Amino acid sequence: MLMLAGIVLLHITTIILLLVAAIDNAWWVTNTVSADLWGRWELANSAWHYTNLKDYPEEYLQAVQATTVLACIFAILALFVFVAQLFTLPKGQRFTFSGILQLISCLCIMIAASIYTAELHPNETEGGFGHSYVLAWISFVLTFILAITYLILRKKSE
């Protein structure tokens, strides 16, 4: 029972990290700019102003946006499927479907962070990757650990 609670808590934590990474405006930060997947905040005259991401290659940006949203969706679906499988799966069976959904979520966030790394800021010398970018990579690791856990885990026979 304790292991089950730990898995659910880890899964919820991973979903929260994925959502924060997708929503928060800190994928790329400088002293005067903070950019996320959806827009760019620029500091001018002591006030932050929102602008579009016009300087980014549109096809890469849309790929990052789509795969990040898909990672969130698949992680949430995996949690619902896991809870459903707790009540419907025959004893001794593996949580394969939950593991596959979690693996897809892992793959999606890895693709998003990789494209962002390689294509959206390859030659910039000012600024650096922000905490949302770091959270995306941490989420990748956690979703991978959960996917492996679900694929190995069997429903205990009582």
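Model, not experiment: these values are computed from the prediction. (Residues numbered from 1 in each chain as written. Predicted model: local features only at pLDDT ≥ 70, side-chain atom pairs only at ≥ 80, totals over all residues. Heavy atoms only, no water.)

A. Focus on the overall build of the chain. Looking only at helices and strands, one finds four helices and five strands in the chain. Oriented by its inertia axes, the alpha-carbon framework of the chain measures out at about 65 × 30 × 20 Å. Counting only residues that meet the buried cut, the chain has 41% of its 158 residues in that class. The contacts in the chain between residues at least 6 apart in sequence include a share of 69% that link residues at least 24 apart. Total accessible area on the chain is roughly 8700 Å²; 68% of this is exposed by carbon and sulfur atoms. The distance from the centre of the 7 positive side-chain charges to the centre of the 10 negative ones in the chain is 27 Å. (Helix = DSSP H or I, 4+ residues; strand = E, 2+ residues; numbered from the N terminus. Buried < 20%, exposed > 50% of the residue type's maximum accessible area, 1.4 Å probe, protein only. Contact = heavy atoms within 4.5 Å. Areas by Shrake-Rupley, 256 points an atom, 1.4 Å probe, with all protein chains shown as cover. Lys, Arg positive; Asp, Glu negative; His and termini not counted. Charge placed at Lys NZ, Arg CZ, Asp CG, Glu CD.)

B. Highlighting the pattern of salt bridges. Using the criterion set out here, one finds one salt bridge in the structure. A salt bridge links E42 to R40; the shortest N-O distance between them is 3.1 Å. On the basis of relative accessibility, which here comes to 27%, the residue E42 falls in the partly exposed class. On the accessibility criterion, R40 (19% relative accessible area) is buried. (Salt bridge = Lys/Arg side-chain N within 4 Å of Asp/Glu carboxyl O.)

C. Layout of the nonpolar core. Of all hydrophobic cores here, the largest spans 29 residues; its most connected members are L18, W27, Y56, V64, I109, Y116 and L120. Every element with two or more residues in this core is listed here: α1 (2–23), α2 (58–88), α3 (96–120) and α4 (131–152). Sort the elements by how many residues they give to this core and α3 lands first, with seven residues. Residues I7, L89, L146 and Y150 belong to the second largest nonpolar core, which totals seven residues. (Core = buried A, V, L, I, M, F, W, Y, C linked by side-chain atoms within 4.5 Å.)

D. Just a nonpolar patch on the surface, in detail. A surface patch of nonpolar side chains, amounting to about 510 Å² of accessible area, comprises W38, Y50, V69, L70, I73 and L77. Examining the composition of the nonpolar patch, we find that four residues originate from one element, α2, more than from any other. Examined against the element boundaries, Y50 turns out to sit in strand β4 (residues 47–51). (Patch = residues over 30% accessible without salt bridge, like charges linked within 9 Å, V, L, I, M, F, W, Y side chains within 5 Å.)

E. Inspection of the packing of aromatic side chains at higher detail. Counted under the stated rule, the structure contains 10 aromatic pairs. A ring pair is formed by W137 and F140, whose centres lie 5.7 Å apart and whose planes are at 90°; its orientation type is edge-to-face. Taken as a pair, W137 and F140 lie in helix α4 at a separation of three residues, close to a single helical turn. An aromatic cluster of at least three residues, connected via ring pairs, comprises W27, W28, Y116, F129 and Y133. (Phe/Tyr/Trp six-rings, centres within 6.5 Å; stacked < 30°, edge-to-face > 60°.)

F. Molecular detail of the UniProt feature "transmembrane region" (unreviewed entry) in the chain. Residues annotated by UniProt as "transmembrane region" (unreviewed entry) correspond here to residues 60–83, 95–118 and 130–153. Taken end to end, residues 60–83 is 100% helix and 0% strand, and its first and last C-alpha atoms sit 35 Å apart. Helix makes up 92% of residues 130–153 and strand makes up 0%, while its end C-alpha atoms are separated by 35 Å. (UniProt positions renumbered as here; feature names shortened; annotations may be inferred.)

G. Molecular detail of the packing of α1 against α4. For the pair α1 and α4, the least separation of the axes is 9 Å and the interaxial angle reads 150°. If you check the angle between α1 and α4, you find them roughly antiparallel. In terms of crossing hand, the pair formed by α1 and α4 is left-handed. For the pair α1 and α4, the contacting residues are I7, L10, H11, T14, L17, L18, V20 and A21 in the first and S132, L135, A136, I138, S139, L142, T143, L146, T149 and Y150 in the second. Looking at the contact of α1 with α4 residue by residue, the classes come out as 12 nonpolar, six polar and no charged. (Axes fitted to C-alpha atoms, helices over the stretch in contact; angles between N-to-C directions. Parallel < 35°, antiparallel > 145°, perpendicular 65-115°, else oblique. Left-handed = near helix turned anticlockwise from the far one by under 90°. Nonpolar A, V, L, I, M, F, W, Y, C, P; charged D, E, K, R; others polar.)

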